[in-house]
Amino acid sequence: MPKINKYVDIDTVEREAKKDLIDRHSPFIHCNETATKGEPFEVTVKMGNEYTHPDDFDHYIESVSLFNGETLLAKATYVPGTLGNVKAHNTTTFTIIPTSKKLNLVAHGYCTKHGIWESTPVEVSVAE
């Protein structure tokens, strides 16, 4: 089982280099707090909040996965150099169809150099 790194509040971290490492490797989930059962629901996962991740051929975000608890809902994979020389956040929008009363969303980002990074969980209420 590979090690899974988790986000910590970078305001509590002293060294700038450590803040950079943690932030740019952490996925952040952006979505509405409520969804409707059976209706398309968009979930955006952004890698890094304050810092962008490199997009080099030997160091890049290879994939972003979205889970509901332990169930994989969606996954996007990337080819190195996709973002080119643009200093941009890797941002992926997934459209899912909720089927239960709530969603417990967690995202994983996989960096080819620093492994798997997990987001802070986001709970979404699902109306009938």
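Above this text you will find the structure in question.
Starting from 1, residues in each chain are numbered consecutively following that chain's sequence as written. Owing to the predicted nature of the model, reporting of local features is limited to residues with pLDDT of at least 70; listing and counting of side-chain atom pairs is limited to 80 or more, with chain, interface and lining totals taken over all residues. Values reported for side chains reflect all heavy atoms of the structure, with hydrogen atoms and water molecules removed beforehand.

A.B. asks: So what exactly am I meant to see when it comes to the overall build of the protein here?
C.D. replies: Only DSSP runs of H or I with at least four residues qualify as helices, and only runs of E with at least two residues qualify as strands; both kinds are numbered from the N terminus onward. Helices and strands together make up the secondary structure of the protein, namely one helix and 10 strands. Secondary structure of the protein in N-to-C order comes out as β-α-β-β-β-β-β-β-β-β-β. Per-residue accessibility, obtained with a 1.4 Å probe over protein chains only, is compared with the maximum for each type, and a residue is labelled buried under 20%, exposed over 50%, and partly exposed between these values. Sorting the 128 residues of the protein into buried and exposed places 42% on the buried side. Here a residue-residue contact requires only that any non-hydrogen atoms of the pair lie within 4.5 Å. Residue pairs at least 24 apart in sequence account for 62% of intrachain contacts in the protein once pairs closer than 6 positions are excluded.

A.B. asks: Could you clarify how one ought to interpret the sheet that holds strand S4 (residues 41-47) in this entry?
C.D. replies: Pairing between the strands of a sheet is mediated by backbone hydrogen bonds and can be parallel or antiparallel. Two strands pair under a simple rule: DSSP has to find at least two bridges between them. Across the sheet, which stays open at both edges, the three strands sit in the order S2-S4-S7 with antiparallel pairing between neighbours. Strands at the two margins of the open sheet, each flanked by one partner only, are strand S2 (27-30) and strand S7 (91-96). Neighbour-to-neighbour, the strand axes of the sheet open up by a mean angle of 25 degrees, direction not taken into account. Note: S4 against S7, six bridges, orientation antiparallel. Counted as the bridge partner of Lys46 is Thr91 from S7. Every axis corresponds to a line fitted to the C-alpha atoms, with the helix fit spanning only the stretch in contact, and the corresponding angles, defined between N-to-C directions, vary from 0 to 180 degrees.

A.B. asks: Can you help me understand the environment of Ala76 in this one?
C.D. replies: Within the secondary structure, Ala76 sits in strand S6 (residues 71-77). For the pair Ala76 and Leu66, spaced 10 residues apart in the sequence, the C-alpha separation amounts to 9.0 Å. The residues touching Ala76, leaving out its near neighbours within four places in the chain, are Glu62, Ser63, Val64, Thr92 and Phe94.

A.B. asks: In this structure, what is going on with the pairing of S4? I would like to understand it.
C.D. replies: Each regular strand shows side chains that alternate between the opposite faces of the sheet. Burial analysis of S4 places five of its seven residues in the buried class, which makes it a mostly covered element. Where S2 meets S4, four bridges bridge the pair, whose relative direction is antiparallel. Counterpart to His30 in the pairing with S4 is Thr44.

A.B. asks: Looking at this structure, how should I read the pattern of salt bridges?
C.D. replies: Pairing between side chains becomes possible if they bear opposite charge and their charged atoms approach one another. The salt bridge criterion pairs a side-chain nitrogen of Lys or Arg with a carboxyl oxygen of Asp or Glu, the two atoms within 4 Å. Taken as a whole and assessed by the stated rule, the structure comprises three salt bridges. With its nearest N and O atoms 3.3 Å apart, the salt bridge here joins Lys6 to Glu118. Taken together, the positions of Lys6 in strand S1 (residues 4-6) and Glu118 in strand S9 (residues 115-118) put the pair 112 residues apart, joining distant regions of the chain. Using a relative accessible area of 54% as the deciding quantity, one classes Lys6 as exposed. Taking the shortest distance from any N to any O, the salt bridge between Lys37 and Glu128 comes out at 3.9 Å. Pair noted here: Lys37 is in the loop between strand S3 (34-36) and S4 and Glu128 is in the segment after strand S10 (122-127), with a separation of 91 residues, a long-range link. We classify Lys37 as partly exposed; its relative accessible area is 36%. For Glu128, a relative accessible area of 69% translates into the label exposed.

From the geometry alone we can't say anything about function, so treat these as descriptive.
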